[in-house]
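Report on the structure
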Amino acid sequence: MKLGIVGLPNVGKSTLFNSLTKAGAESANYPFCTIDPNVGVVSVPDERLKLLGDFYQSKKVTPAVIEFVDIAGLVKGASKGEGLGNQFLANIREVDAIVHVVRCFEDANVVHVDGTIDPLRDIETINLELVFSDLEILERRIAKVTKTARMDKDAAKELELLKKVKAHLEDGNLAITMELEDEEEESLMGTYNLLTSKPVIYAANVAEEDLADDGQTNACVQKVREYAAKQNSEIFVICAQIEQEIAELDEEEKKMFLEDLGLKESGLEKLIKASYHLLGLQSFLTSGEDETRAWTIKIGTKAPQAAGKIHTDFERGFIKAEVVNYRDLLDCGSYAGARDKGLVRMEGKEYVVQDGDVILFRFNV
């Protein structure tokens, strides 16, 4: 999974990126300190992996990973080359979802590019730049397709869709809010890779004192919550500064630190939950002496396609899947014990994989 982090300058975007990835992107009180897109890969925390790894005494434990792409703070006119320009928008066209960091804290020492704290105005500024960038792509494509549309039915159909999307964006809307046929949606997401067709997770960046009640008493957070609900987007509350402190601690210290703050989970864990939920993802597991590993798949994936995540040969030559829930396996104390109790099932090609399934695939090529 690949997530792109966007936001205005000085909203805490690179601080959040640093804390999530410990990659050390430069963070300073001025715009454009992130000159190149910073990329960091983060392991998805999953206690099931440790439990299964210990259970099998696995030589290696491999978690699922998320790739974060952090781009320079966008300003008005970024899509037309203002600030560091449109090159940064191109860097997030390949992501699965956008994490939009919104400033919901007051701090006289950290200047805001527009002078005041107004999260909805900030969201609109970024959204407009994404819309302008998408319109540029659509206009180029329309110019190209128009030439062949008279003679080619497929091109004529594509031109109709392009004009429909363009009109929707010109009205100030995002592509993701359009009502489309499945085929049209696939074309929109796959072929054009529009920024405004990507799902969004809003990260409401608050001061430390607003963390414990999850921003319930912060008027700015409430505005972002209402906006996100209308857009069918996810939102989570974070204090980027605190996350950076957490990132320096080991697991035990992190647990104590979170407890002292009255928190159950870190911002990274909140973000991962939000992104899995937004994108409809889950994990199945493979486990043995050599390796215990988590594999990320879409909810609703059938066994052969899940097997294909491991290797294309597994999907091509799929015979059956031996499946047991990770909790049942651990409770029984051994694989043989789980089998004796009838908890290990033989599943075929139509089996829909569930979150937490431990699977051994049988295949022949």
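The structure contained in this document is the topic of the report that follows. (Residues numbered from 1 in each chain as written. Predicted model: local features only at pLDDT ≥ 70, side-chain atom pairs only at ≥ 80, totals over all residues. Heavy atoms only, no water.)

Re the pattern of salt bridges
Any two side chains of opposite charge can pair, given that their charged atoms come close. We apply this condition: Counted as salt bridges are all cases of a side-chain nitrogen of Lys or Arg within 4 Å of a carboxyl oxygen of Asp or Glu. Only DSSP runs of H or I covering at least 4 residues are called helices, and only runs of E covering at least 2 are called strands; the numbering of each starts at the N terminus. Any residue under 20% of the maximum accessible area for its type is buried, any over 50% is exposed, and the rest in between are partly exposed; the area is computed with a 1.4 Å probe on protein chains only.
Taken as a whole and assessed by the stated rule, the structure comprises 23 salt bridges. Asp355 serves as the salt-bridge partner of Arg48, at 3.2 Å between the closest nitrogen and oxygen. Taken together, the residues span a long stretch of sequence, with Arg48 in helix H2 (residues 47-56) and Asp355 in the loop between strand E11 (345-347) and strand E12 (357-363) at a distance of 307 residues. Judged by its relative accessible area of 11%, Arg48 is buried. The exposure class of Asp355 is partly exposed, given its relative accessible area of 42%. Note that Glu158 is salt-bridged to Arg141, the shortest N-O span being 2.7 Å. With Glu158 in helix H5 (residues 153-170) and Arg141 in helix H4 (residues 119-149), this pair connects stretches of sequence that are 17 residues apart. A relative accessible area of 27% means that Arg141 is categorised as partly exposed.

Let's talk about the pairing of strand E8 (residues 281-287)
Counted only if it meets this: Whether two strands pair depends on DSSP finding at least two bridges between them.
Among the seven residues in E8, six count as buried, and that is most of the element. Where E8 and strand E9 (residues 291-298) come together, seven bridges link them in antiparallel fashion. Across the sheet, Thr286 pairs through a bridge with Arg293, a residue of E9.

Let's talk about unusual backbone geometry
With a phi angle near 55°, Asp214 is a residue other than glycine that sits in the positive phi range. Secondary-structure assignment places Asp214 in the loop between strand E6 (200-205) and helix H7 (219-230). Although it is not a glycine, Asn232 adopts a positive phi angle of roughly 55°. As for its placement among the helices and strands, Asn232 is situated in the loop between H7 and strand E7 (234-238). With a relative accessible area of 66%, Asn232 lands in the exposed category.

Considerations on the packing of aromatic side chains
Condition: Each Phe, Tyr or Trp ring (for Trp, its six-membered ring) is paired with any other whose centre lies within 6.5 Å, and the angle between the two planes then decides the class: stacked below 30 degrees, edge-to-face above 60, tilted in between. Our definition puts a charge over a ring when NZ of Lys or CZ of Arg is within 6 Å of the ring centre and also within 35 degrees of the ring normal.
As enumerated under the stated definition, the model contains six aromatic pairs in all. When the ring of Tyr202 is compared with that of Tyr227, the centres are 5.8 Å apart and the planes differ by 80°; the resulting orientation is edge-to-face. Of the two residues, Tyr202 sits in strand E6 while Tyr227 sits in helix H7, which places them 25 residues apart along the sequence. Judged by relative accessible area, Tyr202 falls into the buried class, the value being 1%. Cluster of aromatic residues (ring-pair linked, three or more members): Phe284, Trp295, Phe318 and Phe361. Positioned above the aromatic ring of Tyr326 is the side chain of Arg48, whose terminal nitrogen or guanidinium carbon lies 5.7 Å from the ring centre.

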